[in-house]
Amino acid sequence: QVRLVESGGGLVQAGGSLRLSCEASGSIFSITVMGWYRQAPGKQRELVATITTGDSTNYADFVKERFTISRDNAKNTVYLQMNSLKPEDTAVYYCNIRANWDRNFWGQGTQVTVSS
């Protein structure tokens, strides 16, 4: 069983920072892509950022110059450093990993709330 555990969410004031972590464990192998998605109440889940095994990154326009995605392959962990947070960043953030012959695995989500 593959297990993804996110951490680092919480309540922060506008302009503040948070660092999210997601560690994969269990029967996981051949990770190709790691990423973060988010879902606000009443809205569809949307991509925030991804990083490939070749360290190519992709960011949504609304987080460019503010968020940074990184990975630690030895620990099967992906991070999301979030700076200059805005109230509109409030959402549940989900870790996503593509592995095991391109299967998608999801974490349970971690709440990020940004107050104005």
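Our structure's up above, just so we're on the same page.
All figures in this text were calculated on a predicted structure; none of them were measured in a lab.

A. Just the overall build of the chain, in detail. Along its length, the chain carries zero helices and 11 strands. Sequence-ordered secondary structure for the chain, helices as α and strands as β, is β-β-β-β-β-β-β-β-β-β-β. For the chain, whose C-alpha radius of gyration is 14 Å, the value lies close to the compact-globule estimate of 13 Å for 116 residues. In the chain, which comprises 116 residues, the proportion classed as buried is 43%. Of the roughly 6300 Å² of accessible surface on the chain, 44% is carried by carbon and sulfur atoms. Charged side chains in the chain number 12 positive and 10 negative. The centres of these two groups are separated by 3 Å.

B. Molecular detail of the side chain of Asp89. As for its placement among the helices and strands, Asp89 is situated in the loop between strand E8 (77–82) and strand E9 (91–99). There is a polar contact of 2.8 Å between the side chain of Asp89 and the side chain of Arg66. If near-sequence neighbours (up to four positions away) are discounted, Asp89 is found in contact with Arg38, Arg66, Phe67, Ser84, Val112 and Val114.

C. Spotlight on the environment of Ser84. Among the structural elements, Ser84 can be located in the loop between E8 and E9. The class for Ser84 is partly exposed, based on a relative accessible area of 40%. The spatial distance from the C-alpha of Ser84 to the C-alpha of Val48 is 15 Å, given a sequence separation of 36 residues. Aside from chain neighbours lying at most four places away, what touches Ser84 is Gly15, Gly16, Ser17, Arg66 and Asp89.

D. Molecular detail of the pattern of salt bridges. This model, assessed by the stated rule, comprises five salt bridges. The partner of Asp61 in a salt bridge is Lys64, and the shortest N-O contact between them spans 3.2 Å. Assessed through its relative accessible area of 64%, Asp61 is described here as exposed. Under the relative-accessibility criterion, Lys64 is labelled partly exposed at 46%. Residue Asp102 is joined to Arg98 by a salt bridge in which the shortest nitrogen-to-oxygen separation is 3.8 Å. What you see here is one network of salt bridges that share partners, running through Arg38, Glu46, Arg66 and Asp89.

E. Quick peek at the nonpolar core. In terms of nonpolar packing, the biggest core is built from 30 residues, with Trp36, Leu80, Met82, Tyr93 and Ile97 touching the most fellow members. Broken down by secondary-structure element, the contributors of at least two residues to this core are strand E3 (18–25), strand E4 (33–39), strand E5 (46–52), strand E7 (67–72), E8, E9 and strand E11 (110–115). When residues in this core are grouped by element, the largest group, five residues, is from E9. If we skip the residues at most four places from it in the chain, Ile97 touches Leu4, Ala24, Ile28, Ile31, Val33, Met34, Arg103, Asn104 and Phe105.

F. Quick peek at the side chain of Arg71. Along the chain, Arg71 turns up in strand E7. Polar contacts involving the side chain of Arg71 include one to the side chain of Asn73, which spans 2.6 Å. In this structure, Arg71 is in contact with Ile31, Thr32, Met34, Ile51, Thr52, Thr53, Asp55, Thr77 and Val78, ignoring residues within four places of it in sequence.

So, how was this worked out
- Residues numbered from 1 in each chain as written.
- Predicted model: local features only at pLDDT ≥ 70, side-chain atom pairs only at ≥ 80, totals over all residues.
- Heavy atoms only, no water.
- Helix = DSSP H or I, 4+ residues; strand = E, 2+ residues; numbered from the N terminus.
- Rg over C-alpha atoms; globule rule 2.2 N^0.38 Å.
- Buried < 20%, exposed > 50% of the residue type's maximum accessible area, 1.4 Å probe, protein only.
- Areas by Shrake-Rupley, 256 points an atom, 1.4 Å probe, with all protein chains shown as cover.
- Lys, Arg positive; Asp, Glu negative; His and termini not counted.
- Charge placed at Lys NZ, Arg CZ, Asp CG, Glu CD.
- Polar contact = N/O pair within 3.5 Å; in protein donor to acceptor, adjacent residues only side chain to side chain.
- Contact = heavy atoms within 4.5 Å.
- Salt bridge = Lys/Arg side-chain N within 4 Å of Asp/Glu carboxyl O.
- Core = buried A, V, L, I, M, F, W, Y, C linked by side-chain atoms within 4.5 Å.

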